[in-house]
Amino acid sequence: MEGKHWTSLTRTGIATALVTALFSTHASAEELRLITWGGYAPDDVVAQFEEETGIDVQVTLSNNEDMISKLRATGGAGFDLAQPSQDRIIGVQRQFNVYQPIDVSRIDAAQIQPSMLKATQESTSLNGQQYGVPAVWGTSGLIVNDAVADQVTDYTDLCSDAVAGKVSYRLKRPTLIGFAFALGEDPFAAYNDPDQYESIMAKVEDKLIDCKPNVKTYWTGGDQLLSLIRTGEVTAAMAWDAGGWKLHAEDPSIRFVAPESGALGWIDTFALPRRSENVDAAYKWINFVMQPEIAAKITNQSGNFTASKGADEFVKADLRDAYRQSFDEDALNNIKWYPPVPPGLESMEGQVLDRVQAAN
Amino acid sequence: MRPSAGKLSLCLLMAPFVLWIVLLVVLPHLQMLRVSFHVRETWDTVAFGLEQYGNFFSESYYWRTFVRTGVMSLFTTFLTLVIAFPIAWYIARLARGRSKGVLFLACLIPFWASELVRTYGWMILLRESGLFSAILQAVGLADGPVEMLYNDAAVIVGLVYNGLLFMVVPLVTTLDGMDEHIVEAGYDLGGNHWTVLREIILPWAMPGVVSGCIVVFMLTLGSYLTPILMGGKDSAWFTEQIFTQFITRFNWEQGAALGVLLLVLSSVIVWAGLRVTGQNLRKVMG
């Protein structure tokens, strides 16, 4: 995804979060401080919203981990609306209490695809209260060059000799999950069984360490990956669909494919930080951007489809074509949607990732 | 000026500095030290203990990265000194008039760009589709694209480049003050190049050498972008592990412990370096 950027890199981490906490000025009444992914708040959408409502929108670009860290550092202050992925809400809420429940009656539910609304409701509910509303969704799968397309059809094929030295993936949890599925396991089914999950992760760890010589570099930002693929230095990668479609538009021999074991589906949500200072504006923004025509603008900018009902009609034709080419009926039904991550799992995964990074 | 007014103006002058040190350096470090001893019992209760430090020693990937980072930083510092010394010697002793200023400026100019830009510059040169690879192929030294990025050598190249200025400046400053005659005297008394360098020039330049080494070593040890961007998959660097613990693992306790350990490591190495070279911090930095 274009926007899933360097943000985490360029921040020197906690220092920034603390400084933000110390010096962020108090929001005036008519201001919406939005923390979101790149592409989710295009300039023209922001301008239109400001014109219609008179509310000033301040956008901070971020990613899941960065968003959570920032909100954790301030106890849920500093922003009025956040857009974390749905699987990363409950665990975070239980540990750090950084969100407040959403008043669903204030959301124009008619604008949102019912199936997705229900899925998000289930996965972001805690103690009978809902913490997320679906916004944008997408998948991660494989971006391959036509030259190797028939040899790379699943995540584990990234370790084959055919693409030695010309492979890139991230060293983050989606890679662990993807490889687990490709190895014939079902990590999601093992989410609530730590012992079983650990044994699956051990298998994945061995595979990733074996695979390491094949990898050119672990990509850390969307732009970095795009340039690696554009120059032909990397011919197969595990990555987000939007990036694949963007490259396909530039060079038809590069395409995004759903792996045999299934693409991994994520839904980014709207969530209210616990100490949001302008909840009204947050609801206004949600109802505004979920209008089909506005949502389509976000899709055209970010490359990712939204949960808005009827937005497809207004999306650029080539983007829709690329999407249909990547997902036939079977591939769509085979998407593995991330369930909420139980607390404690991520530290286990973290150690696996650390060991893979340090292995030589 | 009356004494009380002088005192007041001194206080006012010092206030921003003291505030800066206390708010942004001392307090966060104390807080980090405290967090590093936290042990999570459940999701909302915290006890104190040494668990994080225990993890550091029991998980080999932590201390191996730690040792690796230390050794590579020392090597980088040494290499920077070896490369910077002739440059500094030329600028301080041989260049005359305007060329002296021009040469000094030439060392300074790359630092007008940020570390990120400098690192990208190196990546453009070293990558498989980059300039060096293209030149090697053009002159027939290589059959196909050569990948020079994403290994330890590339990381060291980047780090040396980033440290060069901070080594050249103190060396030039100390060498500048050296009296021409003592070098001549060294030769007159029958010394060759090597003995003159070892017995006269190096001892004279030692404060510059040590302060340059301290600065470069600290910068290298704490650098984040260069090892990650240029080292890729094999560049496990300690600062990266700290960042990962804080930001992607939400494990502030472990991150804080690793941060404290890094601070201890750098302090110990600097202290040891001062002892070995017989310098003291006041003399070197003064």
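Only a predicted model underlies this, so the values are computations on that prediction, with no experimental measurement involved.

Attention now goes to the overall build of chain A. A tally of regular secondary structure across chain A gives 15 helices and 14 strands. Its C-alpha atoms give chain A a radius of gyration of 20 Å, near enough to 21 Å, the size a compact globule of 360 residues would have. Counting only C-alpha atoms, chain A reaches 60 × 45 × 35 Å along its principal axes. By sequence separation, contacts in chain A at least 24 residues apart represent 77% of the contacts at least 6 residues apart. Carbon and sulfur atoms provide 48% of the accessible area of chain A, an area that totals close to 13300 Å². Of the charged side chains in chain A, 30 are positive and 49 negative, and the gap between their average positions amounts to 4 Å.

Summed over all chains, the structure comprises 23 salt bridges over all chains. Among the salt bridges present, the one from Arg-230 of chain A reaches Glu-250 of chain A, with a minimum N-O distance of 2.7 Å. Here Arg-230 of chain A, found in helix 9 (residues 222–230), pairs with Glu-250 of chain A, found in helix 10 (residues 241–250); they are 20 residues apart in sequence, far enough to count as distant. Since its relative accessible area comes to 44%, Arg-230 of chain A is described here as partly exposed. As a salt-bridge pair, Arg-68 of chain B and Asp-152 of chain B come within 3.0 Å of each other at their nearest N and O atoms. You can see Arg-68 of chain B sitting in helix 3 (residues 60–94) and its partner Asp-152 of chain B sitting in helix 7 (residues 152–176), a full 84 residues away along the chain. Via salt bridges that share partners, Glu-65, Arg-88, Lys-172 and Glu-346 of chain A belong to a single interconnected network.

A word on the side chain of Glu-128 of chain B. Here Glu-128 of chain B shows up in the loop between helix 5 (115–126) and helix 6 (131–138). Using a relative accessible area of 14% as the deciding quantity, one classes Glu-128 of chain B as buried. Apart from the residues within four sequence positions on either side, Glu-128 of chain B is in contact with Lys-166, Lys-216 and Glu-233 of chain A together with Ser-133, Pro-145, Val-146 and Glu-147 of chain B.

The next thing to look at is the state of the cysteines. Scanning the model with the defined rule gives 1 disulfide over all chains in all. Disulfide pairing places Cys-159 of chain A opposite Cys-211 of chain A at an S-S distance of 2.1 Å. Between Cys-159 of chain A and Cys-211 of chain A, the S-S torsion sits near -105°, and that sign places the bridge as left-handed. Placement of Cys-159 of chain A in the loop between strand 7 (133–145) and strand 8 (167–168) and of Cys-211 of chain A in helix 8 (residues 194–211) is noted, with a sequence separation of 52 residues between them. Each member of the pair, Cys-159 of chain A together with Cys-211 of chain A, is buried. This cysteine, Cys-213 of chain B, is not joined by any disulfide, and Cys-107 of chain B carries the nearest cysteine sulfur, 16 Å off.

Okay, unusual backbone geometry next. You will see that Asn-127 of chain A, though not glycine, has its phi angle at about 50°, which is positive. Relative to the assigned elements, Asn-127 of chain A resides in the loop between strand 5 (125–126) and strand 6 (129–130). According to the relative accessible area criterion, Asn-127 of chain A is exposed, its value standing at 74%. Notably, Tyr-150 of chain B is not glycine yet its phi reads approximately 65°, a positive angle. One can find Tyr-150 of chain B in the loop between helix 6 and helix 7. For Tyr-150 of chain B, a relative accessible area of 7% translates into the label buried.

It is worth spelling out the nonpolar core at this point. Core analysis: the largest hydrophobic core is formed by 151 residues, its most contacted members being Tyr-169 and Trp-285 of chain A. At 10 residues, the largest contribution of residues to this core is made by helix 12 (residues 252–277) of chain B. Within the second largest apolar cluster, 30 residues are counted, among which are Phe-85, Ala-92, Leu-165 and Val-209 of chain B.

Attention shifts here to the interface of chain B and chain A. With 31 residues of chain B in contact, the opposing surface of chain A contributes 40 residues. Both sides together, the interface formed by chain B and chain A hides about 3400 Å², and carbon and sulfur atoms give 57% of it. Joining chain B to chain A, the criterion identifies 5 salt bridges. As a salt-bridge pair, Glu-233 of chain A and Arg-127 of chain B come within 2.8 Å of each other at their nearest N and O atoms. Taken together, chain B and chain A are joined by 12 residue pairs in polar contact (both at pLDDT 80 or more). Every element with two or more residues in the side of chain B that touches chain A is listed here: helix 3, helix 10 (225–231), helix 11 (238–248) and helix 12 of chain B. At 6 residues, the largest contribution of residues to the side of chain B that touches chain A is made by helix 11 of chain B.

On to the confidence of the model for chain B. In regions of low pLDDT, the predicted coordinates are not meant to be interpreted in detail. The predicted model of chain B has a mean per-residue pLDDT of 88, with 96% of residues at 70 or higher. We note a pTM of 0.81 for the whole complex and an ipTM of 0.77 for its interfaces.

The rules we used
- Here the residue index of a chain counts from 1 through its sequence in written order.
- Chain letters start at A and ligand numbers start at 1, both assigned in the order the entries are written.
- It should be noted that, the model being predicted, local features are given only for residues of pLDDT at least 70 and side-chain atom pairs only at 80 or more, the latter also being counted only at that level, while totals for whole chains, interfaces and linings use all residues.
- Just so you know, side-chain values use all the structure's heavy atoms and leave hydrogens and water out.
- Only DSSP runs of H or I with at least four residues qualify as helices, and only runs of E with at least two residues qualify as strands; both kinds are numbered from the N terminus onward.
- Atoms counted for the radius of gyration: C-alpha only. Globule rule: 2.2 Å times the number of residues to the power 0.38.
- In what follows, a contact means two residues having at least one pair of non-hydrogen atoms within 4.5 Å.
- Here the Shrake-Rupley method, with its probe set to 1.4 Å, supplies the accessible areas, and only the displayed protein chains count as covering residues.
- In this tally Asp and Glu are treated as negative and Lys and Arg as positive; neither His nor the chain ends contributes.
- To locate a charge, the coordinates of NZ of Lys, CZ of Arg, CG of Asp or CD of Glu are taken.
- For this analysis, a salt bridge means a side-chain nitrogen from Lys or Arg found within 4 Å of a carboxyl oxygen belonging to Asp or Glu.
- Think of it in three bands: with a 1.4 Å probe and only protein chains considered, a residue is buried below 20% of the maximum accessible area for its type, exposed above 50%, and partly exposed in between.
- When two cysteine sulfur atoms lie within 2.5 Å, the pair is treated as a disulfide.
- In these notes, a set of buried Ala, Val, Leu, Ile, Met, Phe, Trp, Tyr and Cys residues joined through side-chain atoms within 4.5 Å is what counts as a nonpolar core.
- When two parts are brought into contact, each loses some accessible area as probed by a 1.4 Å sphere; the total of that loss over both is the buried area.
- Pairs of N or O atoms are called polar contacts if they sit within 3.5 Å, as long as, within protein, a hydrogen donor faces a hydrogen acceptor (for residues adjacent in sequence, only side-chain-to-side-chain pairs).
- Summary of the metric used: pLDDT quantifies the predictor's per-residue confidence within the range 0 to 100.

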